[in-house]
Amino acid sequence: MLFPTYLSFLCLTSWILTTVATNASQDGKVREFFGRHDGTSGHTNNWAVLVCASRYWFNYRHMANALGMYRTVKRLGIPDSNIILMLADDVACNTRNKFPGSVYANSGRNLDLYGDNIEVDYRGYEVTVENFIRVLTGRMDASVPRSKRLLTDDRSNIFVYMTGHGGNEFLKFQDNEEISAFDIADAFEQMWQKKRYNEIFFMIDTCQANTMYSQFYSPNILATGSSEIGENSYSYENDNDIGVAVIDSYTHYILQFMEGINKTSQTTMHDLFASYDPSKIHSHPGVRADLFHRTLDKALITDFFGGVSQAEIFPPEDAYPGMQSPSVKPGDTMIDSRIPSTNGSQLSSPTTQGRMFTTLEMDSSWPISLRKWGSMTLVGMLVAWVSLKS
Amino acid sequence: METQQQDETVLREPSKLSFESQRTRRSILASYWIVIFLALPFWWHTTSIERLSLPSARVRAQVEKELAFPVTIDLDATNSSLDIQSLKNDFRQLQKPVLLSSQRWKGIDMQLRLKEDRGTQVVPIPGTYSVAVGKAGALGPKRQLTISENDVPSLLEILSRLVAPYHTSVDSDLREQRVVQYAARYRLAFSLLNEDASLGQTITGWDVDNAIAEYLSPTLSSLSVLHNFTIESQVQLHAPLAFAPQPVTVGNDSAHGLSQEDLTVFINSAHWTLSSSVSNDPVLHFVLFVPSSTQKPLYILDDFGSPTDSSSFLLPQWGGVFILNIAGEAADKLSLSRSHLQPVFSAFRHQLLALLGVPPIPAGMNLVDDDPLSDWQLDAVLRRRALEATQGAQETLYSIVKLVEQIDNMPVGQHVKGDVQDALTALEQVYKVSPSSPTLALRWSSEAFSLASRAFFNPGMLALLYFPAEHKYAVYTPLFASITFPLVVALGREILAWWRDRRQQSRR
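Residues numbered from 1 in each chain as written. Chains lettered and ligands numbered in written order. Predicted model: local features only at pLDDT ≥ 70, side-chain atom pairs only at ≥ 80, totals over all residues. Heavy atoms only, no water.

A. Fine view of the UniProt feature "active site" (unreviewed entry) in chain A. Residue and element names in this part refer to chain A. UniProt marks His 165 and Cys 207 with the feature "active site" (unreviewed entry), using the numbering shown here. In summary, the annotated positions, though distributed over 43 residues, converge in three dimensions, the widest C-alpha pair being only 6.5 Å. Mapped onto the secondary structure, His 165 falls in the loop between strand S4 (156-163) and strand S5 (166-167). According to the relative accessible area criterion, His 165 is buried, its value standing at 12%. A polar side-chain atom of His 165 sits 2.7 Å from a polar atom in the side chain of Asn 59. One can find Cys 207 in the loop between strand S8 (199-205) and strand S9 (221-225). For Cys 207, a relative accessible area of 1% translates into the label buried. (UniProt positions renumbered as here; feature names shortened; annotations may be inferred. Helix = DSSP H or I, 4+ residues; strand = E, 2+ residues; numbered from the N terminus. Buried < 20%, exposed > 50% of the residue type's maximum accessible area, 1.4 Å probe, protein only. Polar contact = N/O pair within 3.5 Å; in protein donor to acceptor, adjacent residues only side chain to side chain.)

B. View of the nonpolar core. Residue and element names in this part refer to chain A. Judged by nonpolar contacts, the single largest core of 55 residues is most densely connected at Leu 50, Tyr 60, Met 69, Phe 159, Phe 201, Met 269 and Phe 305. Element by element, the count of residues in this core is highest for helix H2 (residues 60-75), at 8 residues. Sequence-distant contacts of Met 69, that is, excluding residues within four places in its chain, are made with Leu 50, Phe 159, Tyr 161, Met 203, Thr 251, Ile 254, Leu 255 and Phe 305. (Core = buried A, V, L, I, M, F, W, Y, C linked by side-chain atoms within 4.5 Å. Contact = heavy atoms within 4.5 Å.)

C. Structural detail: the UniProt feature "transmembrane region" (unreviewed entry) in chain B. Residues and elements named next belong to chain B. Under the UniProt annotation, "transmembrane region" (unreviewed entry) lies at residues 27-44 and 475-499. Structurally, residues 27-44 comprises 100% helix and 0% strand, and the distance from its first C-alpha atom to its last is 26 Å. Summarising residues 475-499: 100% helix, 0% strand, and an end-to-end C-alpha distance of 36 Å.

D. Local environment of the environment of Glu405(B). Residues and elements named next belong to chain B. Tracing the backbone shows Glu 405 in helix H11 (residues 375-406). Here Glu 405 falls in the partly exposed class, since its relative accessible area comes to 47%. Counting along the chain gives 44 residues from Glu 405 to Phe 449, while the straight-line C-alpha distance between them is 21 Å.

E. Fine view of the sheet that holds strand S5 (residues 144-148) of chain B. Residues and elements named next belong to chain B. With mixed pairing, 6 strands are arranged side by side in an open sheet as S2-S1-S3-S5-S4-S16. What marks the edges here is a single partner per strand, and that holds for strand S2 (108-115) and strand S16 (366-367). As judged from the 5 bridges shared by strand S3 (residues 129-134) and S5, these two strands associate in the parallel manner. Paired with Ala 132 across the two strands is Thr 146, which belongs to S5. On top of the sheet, H11 reaches strand S1 (69-76), S2, S3, strand S4 (138-140), S5 and S16; it is set at about 145° to S3, its chief contact. (Pairing = 2+ DSSP bridges. Axes fitted to C-alpha atoms, helices over the stretch in contact; angles between N-to-C directions.)

F. Representation of the state of the cysteines in the model. All names here are of chain A. This model, assessed by the stated rule, comprises 0 disulfides over all chains. Cys 52 takes part in no disulfide bond, and the closest cysteine sulfur to it belongs to Cys 207, at a distance of 14 Å. With a relative accessible area of 0%, Cys 52 lands in the buried category. (Disulfide = S-S within 2.5 Å.)

G. Local environment of the pairing of S4(A). Residues and elements named next belong to chain A. Of all the 8 residues making up S4, 8 are buried; the element is thus mostly covered by neighbouring parts of the structure. Judged from the 7 bridges that link them, S4 and S8 form a sheet pairing that is parallel. Paired with Ile 158 across the bridge in S8 is Ile 200.

H. A look at unusual backbone geometry. All names here are of chain A. Of note, Asp 89 is a non-glycine position whose phi angle comes to about 60°, a positive value. Here Asp 89 is to be found in the loop between strand S2 (83-87) and strand S3 (122-123). Judged by its relative accessible area of 12%, Asp 89 falls in the buried class.

I. Summary view of the environment of Ala455(B). Residue and element names in this part refer to chain B. Position of Ala 455 among the secondary structure elements: in helix H13 (residues 438-456). On the basis of relative accessibility, which here comes to 0%, the residue Ala 455 falls in the buried class. When the C-alpha positions of Ala 455 and Ile 28 are compared, they lie 50 Å apart, and in sequence the two are 427 residues distant. Residues in contact with Ala 455, not counting those within four places in the same chain, are Ile 400, Val 416, Asp 419, Val 420 and Met 461.

Here's what the structure looks like:
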């Protein structure tokens with residue numbers, strides 16, 4: 001009698017994550033081998049969150065800052081659907097605006113930033129701390145439309161730009177409320193936990209801006225700000241016809257640098273940070289890279305400002321029948337190595353003006369304890385006075 | 001009479017006045033303090049954050065678990081030149097712990113049963129894969145596989161490729177970055193873009209309905225166990241590129257070429273509207289691009305700058321592009337028929353499968369019955385997606401618990417708690433059904449993932465904003481100081497008066 005003979009090989013039980021560590025070094029080696037992919041961030045999509053936290057006509061320059069960034073990220077290939085623009089948007093059609101429907105960022109008024117194709121996602125009184133935190137963390141009501149959502153995943157690189165009036169570890173939103181450095185740090189941590197980003201590039205132009213990124217603790221964040229603690233950020237120039245300052249100094253020089261970048265540029269973050277000149281900006285911009293896992297001279301500007309990073313030819317198909325076929329003969333092709341240029345017009349004109357307009361900003365360099373104890377003493381004195389009188 | 005009464009009032013002792021009586025004064029003061037003390041619990045209740053306790057122990061236990069799918073393969077070795085001994089050895093090699101613990105074999109528990117004798121009857125287990133040696137390599141229905149005699153030496157290699165097609169090497173890991181994240185619903189946006197219709201030779205229409213029905217629908221319906229698809233299409237007559245393609249010469253003709261870098265910036269997102277934003281479902285874009293008569297023919301260049309045969313390319317996690325060069329002698333206005341669209345939609349189909357992570361079948365294999373996809377491929381995707389969703393759900397639940405512990409100001413409402421509990425229940429179901437059905441496992445795991453995500457994204461989970469202590473003083477001092485001081489001072493005076501009274505009484 002033959003009994004069924006089975007060979008059953010039991011095995012492939014489940015494995016715990018122990019191999020991840022061993023594979024990591026191998027991964028690194030192979031990635032290094034792929035020349036062009038060296039140091040790539042491994043992202044497949046780019047997003048931008050641009051926040052102008054001020055409103056009113058005299059904050060014209062903050063609107064221009066945000067719109068300048070908007071124009072730049074759009075030019076470098078981030079689609080409108082991936083840009084969340086939060087803007088009070090009350091200057092373009094302000095009655096005081098001599099050039100209705102336009103926002104300019106330089107005194108010569110060369111380039112209208114407002115243009116005809118602009119999508120403001122959060123406008124006017126919608127620009128609140130709560131909405132900003134909701135955009136980042138994704139905690140939205142089900143009815144919020146797609147255009148107002150940050151639909152990122154673990155392959156998304158996000159550029160976060162903020163501008164407005166701020167102080168030590170806070171940024172004012174429309175003279176109404178404040179966001180603190182702790183709130184942003186917590187929001188980023190929640191994004192990291194839910195795998196809502198691959199890398200974040202955080203840029204802020206406000207007074208004492210560098211304090212705003214001091215509280216970050218989540219990985220893969222590169223942060224830069226316009227000024228140190230106790231230092232103001234100044235505007236760059238004003239336009240005599242518009243009558244107010246049109247752009248902030250730090251943002252002006254960033255945008256000027258970005259004008260030299262095109263979609264396929266190999267310029268790195270290191271180059272951008274090296275271009276900071278405190279004597280021109282009139283404040284000391286800071287960089288925080290300790291949370292960022294790549295070296296700055298490997299991190300391309302276009303990793304955060306660009307569109308797509310990779311494309312593959314897929315699938316290899318024959319030419320379209322009935323239409324023209326390529327009939328390639330590799331031997332007799334000649335290549336014109338003209339580099340496609342997508343440079344836009346120059347944003348800034350050379351200026352002879354120096355510091356035209358310094359803004360008064362909230363000064364919170366007071367010793368905190370002095371304020372605290374001052375109020376306590378006042379209260380104590382009141383109590384003493386009342387009891388003595390009785 | 002009147003004057004007498006007035007005198008009485010004037011002459012009355014101040015301490016005898018009703019409102020100056022000690023008793024009245026003290027009861028008024030006491031009533032204030034009683035109201036304050038009674039209001040304290042309300043104040044505490046209304047200002048504290050609702051933080052329900054989450055089932056953290058269950059979540060922690062769940063995170064430790066690992067999902068594993070048993071894959072049983074019955075190999076009919078009776079009728080062939082199969083070297084059973086070497087096969088066994090090879091299989092043992094495959095089961096080395098180093099290999100098994102790799103990313104590739106994670107969650108797959110492969111068992112091989114050999115039928116060595118003709119007379120034996122293998123007890124069929126539902127869901128087993130059957131492999132036989134035949135004339136030509138073919139993937140049949142009902143999880144069958146026929147392997148040709150030539151392929152017998154690489155039998156194990158082929159089986160591994162079919163059962164665990166992902167993460168085969170670091171190179172393939174990079175390639176798999178193109179696979180989109182799992183979603184139960186996708187929108188497929190098909191766009192026909194004429195670069196510039198004003199220059200002539202325009203494609204004004206395409207038979208997209210029938211093309212989709214014929215070339216795509218069978219694939220979509222076999223993928224329906226994984227995803228639901230919504231389809232939208234559009235034709236645009238002016239869709240300029242944001243850059244100028246470089247001129248090249250092919251033979252004696254001039255042409256234009258797209259370098260690798262051009263491909264990455266090909267999509268002119270600033271000017272092309274490629275999909276409507278009607279829903280929050282992820283969109284996969286498929287673009288049929290027709291170069292204008294001044295730019296055509298437009299070829300994709302290889303690394304050395306010479307034109308390649310391929311006319312389509314894929315953008316990871318985004319979609320695919322097909323470049324259609326119209327022949328020089330074509331009419332001014334064209335409409336693409338269903339048969340014209342065959343190569344286009346065949347390319348789109350390949351791109352769609354690649355984006356959705358459906359593994360290709362090994363070389364030399366064929367599909368019988370013209371099925372668009374074999375059970376082997378579908379099961380591999382189902383297993384991978386179920387593993388991903390389970391892992392995603394576990395990580396999300398764990399991060400909710402961790403964040404709630406970490407951030408004190410974060411409220412946890414009843415909805416969050418309910419969703420977390422439901423997600424845990426769904427995860428338990430995944431483990432229950434995974435041995436029998438990958439389809440059900442995917443259904444439960446994606447349910448668990450969406451519940452966990454809903455809990456995470458609950459609008460009520462927004463943490464209160466952080467305020468430094470000085471802000472709190474600044475807000476509370478002007479508000480409460482003016483109320484508190486009279487009350488405290490009055491209380492102090494009353495206590496002082498009472499204490500004096502008592503001392504005077506005791507002296508007497």
